Amino acid sequence: MPLRLPARRRLLAALAVAGAAHAAPTVAADPVLNLYSARHYQTDEALYSDFTKRTGIRINRIEAGDEALLERLRTEGRNSPADVLLLVDAARLWRAQVDGMFKPVRSKVLDSRIPGHLRGKDDGGGAEWFAVSTRARVIVYNKATVKPEQVATYESLADPALKGKVCTRSGTHPYMLSLIGAISEHLGEAKAEQWARGVVANFARSPRGGDTDQIKAVATGECAVALTNTYYLVRMMRSDAAADKDAVSKIGMVWPNQQSWGTHVNVSGGGVLRNAPNREAAVRFLEYLASDSAQAYLAEGNNEWPVVPSAVMKNPVLDSFGKFKADTLPIAQVGRAQITAAKIIDRVGWR
Ligand code: FE2
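Since we're looking at a predicted model, the values are computed, not measured.

The end-to-end C-alpha separation of helix α6 (residues 174–187) is 20 Å, in line with the 20 Å expected for 14 residues at 1.5 Å each. The element α6 is largely enclosed, with a buried count of eleven among its 14 residues. Taken residue by residue, α6 has Pro174, Tyr175, Met176, Leu177, Ser178, Leu179, Ile180, Gly181, Ala182, Ile183 and Ser184 as its buried positions. Gly188, located one to two residues past α6, shows a positive phi value of around 95°.

Shown next as structure tokens:
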């Protein structure tokens, strides 16, 4: 996603202020927080203004795609004005962690509200990042050509019976790296590679497009089976557009691996940057994101689930899905597993 210019202008103005504050540290300035966010949902707007109302801390933000934000942070280096970085997918959060971007946070609020398996690396000094919402990676199928029992597991996507029927986005995308990484953690690298080879052999077409494109291709019959993050599917299910309604009527969804380790769950999340000029405000912001109201906003804005177990959210489509067994592999481990996943996709040509 390209940089949003108004947001960028706001940040440039903020940078000028931040620079001035550095030059004269004794001058008191309004408390401020510089946020780099790869989230881009309208409801997040309400979230930020609510934080300012509660704390008096103004938020300057840059919204851009994950890669653009990471690139920007690398370029800015130690002089970056950024305090908090919000990203989507454990693969990207882990990458930022390995690049040394975060400084661990020890917070009673975060430790008590965000489950341990939904936090980044913690060597005892606090977690490097925290998940703020979750999404599941599920299988969608064409109801006319496939029965749900045929695609009950991720493993089934490699079943020769599905030859010429499977569509996925590129294996190099973080959503795929995380899933393949998780599968490798469960099956071991050799079996995961064998599986990946089987999936590639089943392709209906070479990987292209995003998750929504896979859903549409399943609806038109170009593919019979595909993988998608839940929020893309839910967005389509809540859409009033005739084309979306028509597509949704032709597809079914499966929670994969309910009889084994559970459906792969990923996250959006954030951490406090190593050189954050406003660290205290940054920690307060993360703590705010773990509040009940922020959790509902965060999740609802993108049809995701809260990470805080006690947080309640109303979403008719997600509610209609009911409960499912989610993989509880620690999300930090999923992030790290992308190294193995990248090797696997190279070897099997999942491009
Ligand atoms: Fe996405």
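Looking now at the domain arrangement of the chain. When the domains of the chain are assigned, the result is domain 1 (32–134 + 266–315) and domain 2 (135–263 + 335–348). The centre of domain 1, based on its C-alpha atoms, is set 28 Å off from the matching centre of domain 2. Facing the 18 residues of domain 1 at the interface are 16 residues of domain 2. At the boundary of domain 1 with domain 2, total buried surface from both sides reaches about 1,400 Å², with 51% on carbon and sulfur atoms. When the buried area of domain 1 at its contact with domain 2 is split by residue, Trp94, Asn303 and Trp305 rank highest and sum to 37% of it. Notably, a salt bridge pairs Glu304 with Arg135, separated by 2.6 Å at the nearest N-O pair. For the interface between domain 1 and domain 2, the tally reads nine residue pairs in polar contact (both at pLDDT 80 or more). When residues of the side of domain 1 that touches domain 2 are traced back to their parent elements, those giving at least two are α4 (90–98), β4 (130–142) and β8 (265–272). When residues of the side of domain 1 that touches domain 2 are assigned to their parent elements, the largest contribution, five residues, is made by α4.

Take the state of the cysteines next. Every disulfide links exactly two cysteines, by a covalent bond between their sulfur atoms. Taken as a whole, this structure holds one disulfide when the rule is applied. At a sulfur-sulfur separation of 1.9 Å, the disulfide partner of Cys167 is Cys223. In this structure the cystine formed by Cys167 and Cys223 twists about its S-S bond by roughly -75°; its chirality is therefore left-handed. Residue Cys167 is found in strand β5 (residues 166–167), and its partner Cys223 is found in the loop between α8 (211–220) and β6 (225–229); the two are separated by 56 residues along the sequence. On the basis of relative accessible area, Cys167 is assigned to the buried category, the value being 0%.

A few words on the coordination of the iron ion. The protein atoms that coordinate the iron ion are Tyr175 (OH), Tyr231 (OH) and Tyr232 (OH), at distances spanning 1.9 to 2.0 Å. Spacing between the donor residues of the iron ion along their common chain follows Y-x55-Y-Y. On the basis of relative accessibility, which here comes to 2%, the residue Tyr231 falls in the buried class.

Now for the packing of α6 against helix α7 (residues 189–201). When two helices pack together, their arrangement is given by the angle between their axes and by how far apart the axes lie. At their nearest, the axes of α6 and α7 sit 7 Å apart, and the two run at 130° to each other. On the basis of the axis angle, α6 is oblique to α7. Where α6 crosses over α7, the two elements pack in a sense that is right-handed. Across the interface between the two elements, Ile180, Ile183, Ser184 and Leu187 from α6 touch Glu189, Lys191, Ala192 and Trp195 from α7. A per-class count over the contact of α6 with α7 returns five nonpolar, one polar and two charged.

A separate point is the pattern of salt bridges. On inspection of all chains with the given rule, the structure shows 26 salt bridges. Here Arg74 makes a salt bridge to Asp99, at a shortest N to O gap of 3.3 Å. Of the two residues, Arg74 is situated in helix α3 (residues 66–76) and Asp99 in the loop between α4 and α5 (108–113); the sequence distance between them amounts to 25 residues. With its nearest N and O atoms 2.1 Å apart, the salt bridge here joins Asp346 to Arg351. We classify Arg351 as partly exposed; its relative accessible area is 48%. Among the charged side chains, a salt-bridge network with shared partners connects Arg39, Asp44, Arg135 and Glu304.

One pass over the full model with this rule turns up ten aromatic pairs. Ring plane angle 50° and centroid distance 5.8 Å describe the contact between Trp195 and Trp350, whose orientation is recorded as tilted. Of this pair, Trp195 sits in helix α7 while Trp350 is found in the segment after α15 (338–348), placing the two residues 155 residues apart along the sequence. Neither residue differs from the other here; Trp195 and Trp350 are each classed as buried. In this structure an aromatic cluster arises from ring pairing among Tyr48, Phe51, Phe285 and Tyr288.

About the criteria used
- Residues numbered from 1 in each chain as written.
- Predicted model: local features only at pLDDT ≥ 70, side-chain atom pairs only at ≥ 80, totals over all residues.
- Heavy atoms only, no water.
- Helix = DSSP H or I, 4+ residues; strand = E, 2+ residues; numbered from the N terminus.
- Expected span 1.5 Å × (residues − 1).
- Buried < 20%, exposed > 50% of the residue type's maximum accessible area, 1.4 Å probe, protein only.
- Domains from an automatic or database assignment.
- Contact = heavy atoms within 4.5 Å.
- Buried area = accessible area lost by both parts, 1.4 Å probe.
- Salt bridge = Lys/Arg side-chain N within 4 Å of Asp/Glu carboxyl O.
- Polar contact = N/O pair within 3.5 Å; in protein donor to acceptor, adjacent residues only side chain to side chain.
- Disulfide = S-S within 2.5 Å.
- Donors = N, O, S within 2.8 Å, 3.2 Å for Na, K, Ca; no water.
- Axes fitted to C-alpha atoms, helices over the stretch in contact; angles between N-to-C directions.
- Parallel < 35°, antiparallel > 145°, perpendicular 65-115°, else oblique.
- Left-handed = near helix turned anticlockwise from the far one by under 90°.
- Nonpolar A, V, L, I, M, F, W, Y, C, P; charged D, E, K, R; others polar.
- Phe/Tyr/Trp six-rings, centres within 6.5 Å; stacked < 30°, edge-to-face > 60°.

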